[in-house]
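Given next are the chains, with one letter for each unit.
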Amino acid sequence: MRGPLGAVIGRYPSSDGVTQMGGIIRHNRKCRDITVLVIFIAFWVAMIVNSSFGFNRGNPLRLTYGLDYKGNVCGDKHAHPGLSELELRYWQNPNQVYQSALKNSRFKLADARSICLSECPIPSEDSLSWVCDYPEGDIHLSMKDWMSRNHDYFEFLTPEMRNSSLQLQGPCYPVIFPSVNVYWSCQFIARASNMSLKHWQQMGGVSINEDIVIDKSIHRSINSRSAVLKRYMADIGKAWPVLIVCGGILPVFLSVVWLMMIRHFVAAMPWITVVLFNVLIVSVTMFYYLKAGWIGNDAISPIVGEHDPYINVFGRELTHIRAVTILMTFIMAVAILTSIAIVRRILLAASVLKVAAKVIGEVQALILFPIIPYSILAIFYMFWISAALHLFSSGQIVQNDCNANCCTYDLIAKRVNCDRCCGYSIRYTPHIGVAILFHLFGCYWATQFFIACSSTVIAGSVASYYWARGDTSPEIPFLSVFSSMKRLMRYSLGSVALGSLIVSFVESIRFLLEAIRRKLKVSTHGHDSWIGKATYQSSQCLLRCVEWTIKSVNRNAYIMIAITGKSFFSASSIATELIMNNILKIGRLNVIGDVILFLGKLCVSLSSALFAFLMLDTHKYRSAHNKTSSPLLPVVVCWALGYIVATLFFAVVEMSIDTIVLSFCQDSEEHQGTAQYAPPLLVETLSDQNEMQRLTQGPQ
């Protein structure tokens, strides 16, 4: 058994016999885990370099809009010609679209001739409409005039150009099929206009395939996994005001309100938290039901703008939101049943929170301190999200090698050109995937690091309060929170970086296992054996248990780092031994306190998700170029940001309880079961025998 720390905690005598103040909190510190700190600094340099690559090579417009026949991104004002008002991709040659939909065809939709338009064309009722290439060469029209003429200059064509157009080789192509704007691509509706088709045939145009298969190729392209992933990422860029309000500002306000209520209404807060949690999780689940179309008529639609209500286009996003709705229903049921089960422990939770309320009342700077790590994290997230959008769109635009007959009329060369007439695609190299994975890992490690730093500072401040017997002067330094920050910055950054790295590493392994499982499932066409499934589920369960254990050990290690200034592993060993020696005394106290705090964090994050739903349900995000493909990812990101912000602020209560408990255990261990340094304001909570009995045994 480890012996008492003796003089290194609390007061200790100096060489001249005079009793000193503050103990280990001010004494005998040196820099720890320097190697990990150097690695962390190198990691930040690599993050900056990695993000610079994304900023240099990426263009977030590629996540939303397609490419035209020149390789330009629709909607790009810097393209040639400028396409700032032309956001919709339209495939001009219907026969190419039909050919790309055939099962055994080697011709792909990416090679079909596409152009950027301001709106999806529909056939004329009394004549034949045309969509012509961008005006250049002998077509002396400005882009503005071309747009005002509905992209049609067929009447200006020479006989040679007209003959080429009737062969579906441009520069003008007939509008035979109606189309609708589906995620900024013009989806063909397989109902050819009889009038337009009649005019086309009378003019001697080549045969046009009218089969219903013509809409399948575009549908498959729009609903491919890569296209859906790009739209989800684009939703984050479009919904940035929602992220700022619901993921940044609102959680701060709610967290501060919760902390203030903890300070003044300790007895009522557990009840308020449990009731509010149930109301919020039911409300968020109902919103998912609305967007899934299972309640009301407000299901998400892939069609942008007004359209014929009889046109029904299915999007993969609807499937995803319905799957999440089912998951939320299950979570809601479990959460309500669990909250009912802990009702008997609510009185115990009030006693636990009373510990933190007393500390917050004395060390009032603790309530405002989380603003500092929050501000740092907010700046980091703005940079990180912007870099992520650029990294996801940093592929290179290259022309395909389709080896197909796709001759088109070249307005500059004034002839039909059959060379290099294939379409363009965005080519992603393997190192871009590695860069994205590194960027994701960097976000998780940085988040864990800043949360750990915040927790350590709070623990150091609370420990100063405890070992000074609760006096605010002269034992506790002025602005003890900033003194704790100074100790962290000077001595313990490496230890905190090591603890956060371990958590991030375990979480990354779990993420990679999931990615490998999905890859294997795709390669085997879903025929997984029961042995493989059992192995995967077991490994996931094991990793979750390891992750939870590490987070719990880390939290206590940060407390001992703040108190003793030791390295991460030494502090973990001390904290673990203290907990094991006092597990019966503090076990229930910690568990019920953590449950109520966890529910409080969920209340804040669910409120963020609920308000995100409300903001995304406004006209701004349901129409025009700001339309989000689905509220799913912005809501989940707001939930995650709300939870992280709540974690930063609730760490004041969480770390106060844990620090007081560990300090009390150490104090009792050093003084034969009697805590000598428990401050007067906490003695009635931690030292009263009846109260301790109720804390450890619970209501009968």
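Procedures and definitions
Residues numbered from 1 in each chain as written. Predicted model: local features only at pLDDT ≥ 70, side-chain atom pairs only at ≥ 80, totals over all residues. Heavy atoms only, no water. Helix = DSSP H or I, 4+ residues; strand = E, 2+ residues; numbered from the N terminus. Buried < 20%, exposed > 50% of the residue type's maximum accessible area, 1.4 Å probe, protein only. Contact = heavy atoms within 4.5 Å. Areas by Shrake-Rupley, 256 points an atom, 1.4 Å probe, with all protein chains shown as cover. UniProt positions renumbered as here; feature names shortened; annotations may be inferred. Expected span 1.5 Å × (residues − 1). Arc of directions from axis to C-beta. Disulfide = S-S within 2.5 Å.

1. Considerations on the overall build of the protein
Right, so step 1: Within the protein, the regular secondary structure consists of 21 helices and 12 strands.
Right, so step 2: Of all 700 residues assigned to the protein, the portion counted as buried reaches 54%.
Right, so step 3: The contacts in the protein between residues at least 6 apart in sequence include a share of 76% that link residues at least 24 apart.
Right, so step 4: Carbon and sulfur atoms make up 61% of the accessible area of the protein, which totals about 32100 Å².

2. Quick notes on the UniProt feature "transmembrane region" (unreviewed entry) in the protein
Right, so step 1: The UniProt record marks residues 34–55, 239–262, 268–290, 323–343, 363–384, 488–513, 595–616 and 632–653 with the feature "transmembrane region" (unreviewed entry), using the residue numbering of this structure.
Right, so step 2: For the annotated span residues 34–55, helix accounts for 100% and strand for 0% of the residues, and the straight-line distance between the end C-alpha atoms is 32 Å.
Right, so step 3: Across residues 268–290, the secondary structure splits into 96% helix and 0% strand, with the terminal C-alpha atoms separated by 33 Å.

3. As for helix α17 (residues 568–581)
Right, so step 1: Here α17 is 14 residues long and its end C-alpha atoms lie 20 Å apart, about the 20 Å a rise of 1.5 Å per residue gives.
Right, so step 2: Of all the residues in α17, the buried ones are F568, A571, S572, I574, A575, L578 and I579. Down the axis of α17, the smallest arc covering the buried residues is 165°, so these residues share one side. Counted as exposed and oriented over 90 degrees from the buried face of α17: F569 and M580.

4. Observations concerning the state of the cysteines
Right, so step 1: Tallied over the entire structure, the rule returns 3 disulfides.
Right, so step 2: With a sulfur-sulfur separation of 1.9 Å, C74 is cross-linked through a disulfide to C116. Between C74 and C116 the disulfide shows an S-S torsion of about -80°. By sign, it is left-handed. Taken together, the positions of C74 in the loop between α1 (34–57) and β3 (88–91) and C116 in strand β4 (residues 114–117) put the pair 42 residues apart, joining distant regions of the chain. Summarising the burial analysis for this pair, C74 and C116 share the class buried.

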